[in-house]
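# Structural characterization, general
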Amino acid sequence: MKQRRKIRKQKAHIAFVLNGEPCEVAFAPHKTLLEVLREDLNLTGTKHGCELGECGTCAVLLDGKPVLSCLVLGLDAEGREVTTVEGMQLPEGRLHPLQETFADLGAAQCGYCTPGFLLTALELLAKNPKPTREEIAQALSGNLCRCTGYIKIYEAVELAAAHMRGEKAEVAEEVVYGLKS
Amino acid sequence: MIDDEKTQKPIPPGQDQEYEESEVNIEGRRVTVRTRKVPPLPDWTKTEIVGQPVPRVDGVDKVTGRAKYTSDVQLPHMLYAIAVRSELPHARIKNISIEKALAHPGVHAVLLPKDVERYIMGNPFAGTLPLLTLEPKYTGEEIAVVAAETELQAEDAARLIQVDYEPLPFVLDPEVSMTDKSPVKFFPEGNFTGGGFGQRKIGQPSVHTRGDLDVGFKEADHIFEETFRTEPQQHACMEVHGTTASWDGDHLTVWESTQGVFGVQEEISRVFTLPMNDVRVIGTHMGGGFGSKGGAGKQTMLAVLMARRTGRPVKMVLSRHEDFMGVYRPASIQHYKVGVKNDGRLTAIEMKSVNAVGAYMSGSMWGNSSPMTQQMYACANVRTEDRAVFTNTPPPGAMRGPSNVQNAWGLEQLMDLIAHKLNMDPIELRMRNDVKVDQVTHQPYHSKGLAECFKLGAEKFHWDEKRLRRNDPASTKKYGVGMASQIWGGGGGPPATAIVKINQDGSINLLTGAADIGTGTRTVMSQICAEELGVAVDRIHVTNADTETTPYTLPSYGSITLASSGPAVRSAANDAKRQLLDLAAGSLGVKPEELSSKDGFIFVTAQPDKRMKFEAAAGAMPERTLVGRGYRGPNPKGQSLNAFGAQFCEVEIDIHSGEVKVLKFVAAHDSGRVINPHTFASQVKGGITMGTGYALSERRLIDKNTGVPVTASLLEYRPPTSLDAPVDIEVYSVDVPYTANNIGAKGVGEPPLIATAPAIANAVYHATGVRVKSNPITPEKIIDGLKSLGGRT
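Everything numeric in this text was worked out from a predicted model, so none of it was measured.

## Brief notes about the packing of aromatic side chains
All names here are of chain B. All told, the structure shown has 13 aromatic pairs over all chains when counted by the stated rule. Plain terms: the ring middles of Y445 and F644 are 5.3 Å apart, the flat faces sit at 85° to each other, and that makes the pair edge-to-face. Here F644 lies in strand 30 (residues 642–654) and Y445 lies in the loop between helix 13 (426–432) and helix 14 (450–461), a separation of 199 residues in the sequence. Here Y445 falls in the buried class, since its relative accessible area comes to 8%. What makes F644 buried here is its relative accessible area of 0%. Among the aromatic residues, ring-to-ring pairing joins F186, F187 and F390 into one connected group. A cation over an aromatic ring shows up here: K337 above the ring of F217, its NZ or CZ 4.4 Å from the ring centre. Lying across the ring of F461, K466 places its NZ or CZ 4.4 Å from the centre.

Next up, the structure:
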């Protein structure tokens, strides 16, 4: 008679705060936070770009600090606060000023690196509400973008920062019609 | 995709009135296709929505994480597939042991070369590739595939597969491979073939020749002989290559990160002999392509097969490391001999290029670096020879501005060198060799705004003033300026079809097959549709790149997307509008041709207050849905359609460290009408950023002793980060009218990258006197160059 296959519990089970809500999840304990978010919680807004900590595409906030979720074990999130791009929106589904300016200015081109940029910028503006261009470039230097270049991203961060400070600000329209002007 | 066989089919009897032939230029390849004649639409004179910086229609999806990319597709019971790849650059595989892998928990199947040998990718024109091989010809070539329930199980199982290799000799250097000393013989006829898209034969270079070189060199007052080299460039898309395949009975759905869903559909259908209506390919959102995702990849076929074998959906997304063992822009060595008159006119150009193209015919056509030499400057006596040389490296592919980017590195530096020698403004030298006729096809350019690009760019950059500025001899910081120009195709063409549906509430669905690879296709197509219908952009929902719900269009490559699909979208919107105006005419008691549609109203053109709301007209449709169809009509006969541009840059060089900092770029491009200044400027700024990487930092290195890539990660390959990229880029359109299609636009996807790297190299020379002829321009090269100049700066 065929022996009944022995099965063991293989998943870890943690509770943490995900985008402001309590969350419990079971997953294979070797998984990174990136994998837990994408595969076990189906939150695919956080992207994987290299899974080596080189591109910043998977950045999320852990207790308010940006981390590369591909380098953090899911188990490390136990009892902590995790913010992903899905949690950036304000009450009533309004976009966060950063989301608004990234969308309006075309700072998201293919959009794949965008969630990582947004969260890194979110933390930058939390600690420095009026960053200089150089400070923005420094803060975002761990996030790679291959299509947009970085200028539109700087402009979006600057404009969002101004909006968050309650200032009325607009980035100059793109001037491309040289001969006419 | 277009292949030669299809274009040769005779025109069906009775249909020749409706169809005509049209030339399409895709990545430098000129193809004649039969296409439907389309009633011409009047040129837009004044536009309301086209030309406006409309925010991306999918911007919110992208900033909220809602946009689903191929790698985001999660299906119930999905398996993960991983390839076992060759650890050697050339070997014969004596044995593959899979028992341990099959016994590993969660493993469902292993595919070996014998399981897939009847499925061959590619075609005789482009070359074929085995899906899995027992004789790997480059490090990283696929040998087996394993599928398991989790990614980790698949990775572990792949490691448990034991491959016994018999190492074989390998060659990496194309200049060695070309000689008798090559340890590898790739084909009996030789180790190279011609590059480009003409007739190619193994053992023979592809040759373009006109005039008489001897005569040309005799006429010359000066002769320049120079060699330039370029390194391979990797696309390094932020989303790596990947596929998810799922069978529902005999119906297959494939999510593919691709620039062209229809090419992927055709290839799957052909390789597995499946009816096309059973192959649905979806590629709505994708994280960058740059040419690397033009068609199906091996992982596409392997995922489909694995899903068939296991009866479960299968995801096969490459790792970043694997991505770096895939497609890239080939390296080139360019030898030039150029004759010039004292007044700057070119009398002869001889160019021989050597391009390393991997071990297969597949991809070897990209081993070509002479198209700009043939076309860019007026010269009666020209001969170019391109050799695509086989090496034990992965097959290359198209990469943003293929051939022209390599060619520009050499040619545009050469022009700069000549200008300095003749003590002439580099712009003046280029203008003296300006040409209005395509010297390869003998056709006039439909429009050429290059002179306007020079004029505007120079003015905005303050070229005349900056060029004559002298550096402070006492300072360790040296400043310099440089410029370069470019030509590309971008005229687009048929076939492309679009469908515009008007619903009874006046909302609109736009269906287009075009992929949006990040360029803003969905947005500009919505603008074109909205402009033609006279409604706001937010009334339109666009569905794109899904073979089941959208009609055929060419892939988003060759900078053809806008100029191919855009006119089809306008035609479809016009077709829908005419039908709606027919209905509205009855309600308003006038003839349809007396009506216009604008700002959400349909009104009598001569009496604008006699009007009805767009949705009121739609609400009266007896069919409840109105369908407009539109086709991309032919290109004008006997003309070459090309986009032009000039870029100017300023650099700062620290002569102690050799570090180059790009301070400023001004880019002036001739791409016809700008549909959206935001997306236009984004393309140019992104292209210049990528070109800065090509000029200064990006480098794919393969270990000479082992044949293993050593820069197979983003950290080592070094695409520009925010700290490396130029921070000041001004973008201009010269806005030269273009009427070869009904939207007045040509492409701008690839042009921005072409002139960037040589403009930087020319600025480095201007600043330091060091001519760096091989990319990337590393600090070592600058320091070495300064040393050999004897400290002269």
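Moving on from the coordinates now.
## Brief notes about the sheet that holds strand 23 (residues 497–503) of chain B
Residue and element names in this part refer to chain B. Read across the open sheet, the 4 strands follow the order 25-24-23-29; overall the sheet is mixed. Every interior strand has two partners, whereas the edge strands, strand 25 (540–544) and strand 29 (625–631), have only one. Across the sheet, the mean angle from the axis of one strand to that of its neighbour is 20°, orientation sign disregarded. When strand 24 (residues 508–512) meets strand 25, the two strands line up parallel, connected through 5 bridges. Note on strand 25: the bridge partner recorded for T512 is N544. Where helix 16 (residues 521–533) meets the sheet, it contacts strand 23, strand 24 and strand 25, and its direction lies at approximately 135° from that of strand 25. On the sheet, helix 17 (residues 561–588) packs against strand 23, strand 24 and strand 29 and is oriented at approximately 145° with respect to strand 29.

## So, the packing of helix 3 (residues 114–127) of chain A against helix 5 (residues 151–164) of chain A
Residue and element names in this part refer to chain A. In contact at an axis separation of 11 Å, helix 3 and helix 5 are set at 40° when each is read in the N-to-C sense. Considering their axes alone, helix 3 and helix 5 lie oblique with respect to each other. Helix 5 is crossed by helix 3, and the crossing has right-handed handedness. On the side of helix 3, the interface is formed by F117, A121, L124 and L125, while helix 5 contributes I153, V157, A161 and M164. Taken together, the residues of the contact of helix 3 with helix 5 break down into 8 nonpolar, no polar and no charged.

Conventions we followed
Residues numbered from 1 in each chain as written. Chains lettered and ligands numbered in written order. Predicted model: local features only at pLDDT ≥ 70, side-chain atom pairs only at ≥ 80, totals over all residues. Heavy atoms only, no water. Phe/Tyr/Trp six-rings, centres within 6.5 Å; stacked < 30°, edge-to-face > 60°. Helix = DSSP H or I, 4+ residues; strand = E, 2+ residues; numbered from the N terminus. Buried < 20%, exposed > 50% of the residue type's maximum accessible area, 1.4 Å probe, protein only. Lys NZ or Arg CZ within 6 Å of the ring centre and 35° of its normal. Pairing = 2+ DSSP bridges. Axes fitted to C-alpha atoms, helices over the stretch in contact; angles between N-to-C directions. Contact = heavy atoms within 4.5 Å. Parallel < 35°, antiparallel > 145°, perpendicular 65-115°, else oblique. Left-handed = near helix turned anticlockwise from the far one by under 90°. Nonpolar A, V, L, I, M, F, W, Y, C, P; charged D, E, K, R; others polar.

By themselves, these figures tell us nothing about what the structure is for.
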